[in-house]
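# What the coordinates show
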Amino acid sequence: MTLLAASALSGGYGGAEVVREVDLAVAEGDCVAVLGPNGAGKSTLLRLLAGILPATSGTVELRGRPLAAWRRREVAQAVGFVPQSVSFAFPLTVAEVAQQGRAPHLGPWRPPSPHDHAAVAAALGRVGLAGREGAAVQRLSGGERQLVLLARALASEPRVLLLDEPATALDVRHQLDLVAILRELTAKGVGAVVVVHDWNFALRVANRVAVLHGGRLRAAGAPEEVLRPELFRAVFGVDVELVERPGGVPFLVPRA
Amino acid sequence: MKRAADVTLVLVLLLASAAALLAGGPAATPADALAALAGGGTQEARMVVLGLRLPRLLLGIGVGAALALAGAALQSLLGNPLADPFLLGISGGGAAAATAAFALLPAAALGLVPAAAMAGAAGATALVWWMARGPLGSSSTRMILAGVAVNAAASAAILTILSVAPSPRLPGALAVTMGSLASANGAAVAWLAPYLFVPAFVLLLHGRDLGLLATGEESAAALGVEVGTVRRRVFLAAAALSGGAVAFAGVIGFVGLVTPHLCRMVWGQSTRRLLPRAALAGAALMVLGDLVARRAVAPAELPVGVVTALLGVPFFVVLLRRTS
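Analysis parameters
Residues numbered from 1 in each chain as written. Chains lettered and ligands numbered in written order. Predicted model: local features only at pLDDT ≥ 70, side-chain atom pairs only at ≥ 80, totals over all residues. Helix = DSSP H or I, 4+ residues; strand = E, 2+ residues; numbered from the N terminus. Buried ≥ 20, exposed ≤ 12 C-beta atoms within 10 Å, placed from the backbone. Contact = placed C-beta atoms within 7 Å. Nonpolar A, V, L, I, M, F, W, Y, C, P; charged D, E, K, R; others polar. Core = buried A, V, L, I, M, F, W, Y, C linked by C-beta atoms within 7 Å. Pairing = 2+ DSSP bridges. Axes fitted to C-alpha atoms, helices over the stretch in contact; angles between N-to-C directions. Expected span 1.5 Å × (residues − 1). Parallel < 35°, antiparallel > 145°, perpendicular 65-115°, else oblique. Left-handed = near helix turned anticlockwise from the far one by under 90°.

With that out of the way, let us pick up the overall build of chain B. A tally of regular secondary structure across chain B gives 14 helices and two strands. Referenced to the eigenvectors of the C-alpha coordinate spread, the extents of chain B come out at roughly 65 × 55 × 35 Å. Here chain B holds 324 residues, and the buried ones make up 53% of them. Contacts in chain B between residues at least 24 apart in sequence constitute 74% of all its contacts with a sequence separation of at least 6.

Interface size is commonly expressed as the accessible area that is lost once the parts come together. On the chain B side, the residues contacting the 22 residues of chain A number 24 residues. For the side of chain A that touches chain B, the secondary-structure elements that each account for two or more residues are helix H2 (72-78), helix H3 (94-100) and helix H4 (103-106) of chain A. Partitioning the side of chain A that touches chain B into residue classes produces 16 nonpolar, three polar and three charged.

This part takes up the nonpolar core. Core analysis: the largest hydrophobic core is formed by 192 residues, its most contacted members being A:Ala33, A:Ala151, A:Leu162, A:Val194, B:Leu69, B:Ala73 and B:Val287. For this core, the element with the highest residue contribution is helix H3 (residues 43-78) of chain B, accounting for 19 residues. With near-sequence residues (within four places) excluded, B:Leu69 lies in contact with B:Ala200, B:Leu203, B:Leu241, B:Leu275, B:Ala278, B:Ala279 and B:Gly282.

Bringing unusual backbone geometry into the picture now. Residues B:Ala298 and B:Pro299 are joined by a peptide bond in cis, for which omega reads 10 degrees. Secondary-structure assignment places B:Pro299 in the loop between helix H13 (271-295) and helix H14 (304-323). Non-glycine residue A:Glu165 carries a positive phi angle of around 45 degrees. Inspection of the secondary structure assignment puts A:Glu165 in the loop between strand S7 (160-164) and helix H7 (172-187).

Residues and elements named next belong to chain A. Strand order in the open sheet made by the four strands is S2-S1-S4-S5, with antiparallel pairing throughout. Each edge of the open sheet carries a strand with a single partner, namely strand S2 (16-27) and strand S5 (65-66). Sheet topology note: the strand S4 (residues 57-62)/S5 ladder contains two bridges and is antiparallel. Bridge pairing in S5 places Glu 61 opposite Pro 66. Its contacts with the sheet place helix H1 (residues 42-50) against strand S1 (2-13), S2 and S4, and it is angled at close to 120 degrees to S1.

Structurally, A:Ile52 can be placed in the loop between H1 and S4. Residue classification places A:Ile52 among the buried positions, given that 25 C-beta atoms sit within 10 Å. A sequence separation of 186 residues divides A:Ile52 from A:Val238, and the C-alpha atoms of the two residues are 33 Å apart. Not counting residues within four places of it along the chain, the set of residues in contact with A:Ile52 comprises A:Arg47, B:Glu218, B:Ala221 and B:Ala222.

Moving on: helix H5 (residues 113-132) of chain B. Its 20 residues place the ends of H5(B) 28 Å apart at the C-alpha level, agreeing with the 28 Å of an ideal helix rising 1.5 Å per residue. All of the buried residues along H5(B) are B:Val113, B:Pro114, B:Ala116, B:Ala117, B:Met118, B:Gly120, B:Ala121, B:Ala124, B:Thr125, B:Val128 and B:Ala132.

Angle between the axes and distance between the axes: these two values describe a pair of packed helices. Residues and elements named next belong to chain B. As a packed pair, helix H8 (residues 186-205) and helix H11 (residues 227-249) sit with axes 8 Å apart at the nearest point and diverge in direction by 160 degrees. In terms of orientation, H8 lies roughly antiparallel with respect to H11. Crossing of H8 against H11: the hand is left-handed. Counting all contacts with H8, which are made through Ala 188, Leu 192, Tyr 195, Leu 196, Pro 199, Ala 200, Val 202 and Leu 203, the residues of H11 involved are Arg 233, Val 234, Ala 237, Ala 238, Ala 240, Leu 241, Gly 244 and Phe 248. For the contact of H8 with H11, the residue count by class is 14 nonpolar, one polar and one charged.

Looking now at the pairing of S1(A). Residue and element names in this part refer to chain A. Judged from the eight bridges that link them, S1 and S2 form a sheet pairing that is antiparallel. Within S2, the position partnered with Ala 6 by the bridge is Leu 24. Taken together, S1 and the strand that follows it, S2, pair antiparallel across an intervening segment of two residues, in which Gly 14 is found at a positive phi of about 55 degrees. Where S1 and S4 come together, five bridges link them in antiparallel fashion. Residue Leu 4 lies in a different strand from S4, and its bridge partner there is Leu 62.

Structure follows, in structure tokens:
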């Protein structure tokens, strides 16, 4: 079943279109990796898909209904969004940030229920932050902050997860954890869209790849079909070599 | 620990309120005041306690709660720990209009000063909102810059008015800029209480949204906040509270800025839990400040804005040192 679908989606900032006529669908269990050079419109596409940036034309549908027809809170209940970073004006704790993930389910007055607390604890445990609940998030490293934001999105128990470069500040252990988390979620039928710069991370985690260039969708499909040396030359201007590994995921190496 | 802090806060407010009603000069000693509150006592004592001290206490509670609530909401809304009704030019706009009214209105029309202050605060709010609007909507940074500019203009206007105001009107105009609860009366309280109720309710309703907005607009929108609607409502409600405060008590600094931070240090960062406590703490600080203002150099009075600033600054220094 299709969870989130963009058709002819365009949008940007202050009249300038950054994303142009993109078609993209995320079904249950899908993990779509979005790749592209800096400034290609990857983060903007993610904001448009989350509905936090209004489209200038085209539509995004959540479970077959346009985003505009849902209330903002209903969208947030179904769609988890992990931004690249968040500015913390006040010294929040790890637990306080993770609890924000439950806000779409609570409304203005209702205090968190045992289920809300359990979801937060499970999310923090899953990203490896159990025991760090009381730590001030401003004092954490960049990678740990990314994990807190991931936990916040997991705590909301979303049907679709949108992640903006979630692995950039993570060490290799946590990158592998993130791969495992995404695989677990997609196995449960959650759909995911992940903006990444690391092609090999995309090869590991995604069952589909979308390549953006100049705001347009340059290629989309299964990773091994899309991630060809010709495409890299055309989009990134670099030569790459695809190293096949028997019984494993192939490996992309740029040629200096 | 937080439960104990809740109880302490309520006790402090109750004790400060009791002290504000009982403490005073020979017209109503504590014993006279107690008798008056019980329905007996001399006529003079009843007049002083029920006609002067009680409205003044209630005005202090309303103004302190309004300023602290507005400050806490604005800090979260704009994601800036320094935001308060003063920084955003709302208090300044109200004060400029009130001083102008004091200087220019005929004596019979001085009852219109609170209305002028409200209009000035509303005008400053509209100006800040309009200045902050950019091609991408109004951002927090633009709003604070606009507020600083409006505040500077209001300060200049106040100084100009004070320097040319006819001397008999100078004390009244000056009192606006220093803050005072001395003009409290039953009518002012009866008018202000229902007026403050609606914006206070709006802010409490959006407590959870405000906590999310403190981590940025994009982050809040992703968590289900209708950012545009909430920002408009909260800014208007905070401005209405600040306008009400400045209309009946003049410019009172630091209550809106410091009280929310003190409460954050005790009760944590959850804005939903913070807002009602900030309101109570603002009320307590104001009642205590006014008590000091009334009694410290009796029979003369200090401006309550000066006292709250003197009480607030040391707290603020400690806060800055602790969070640096």
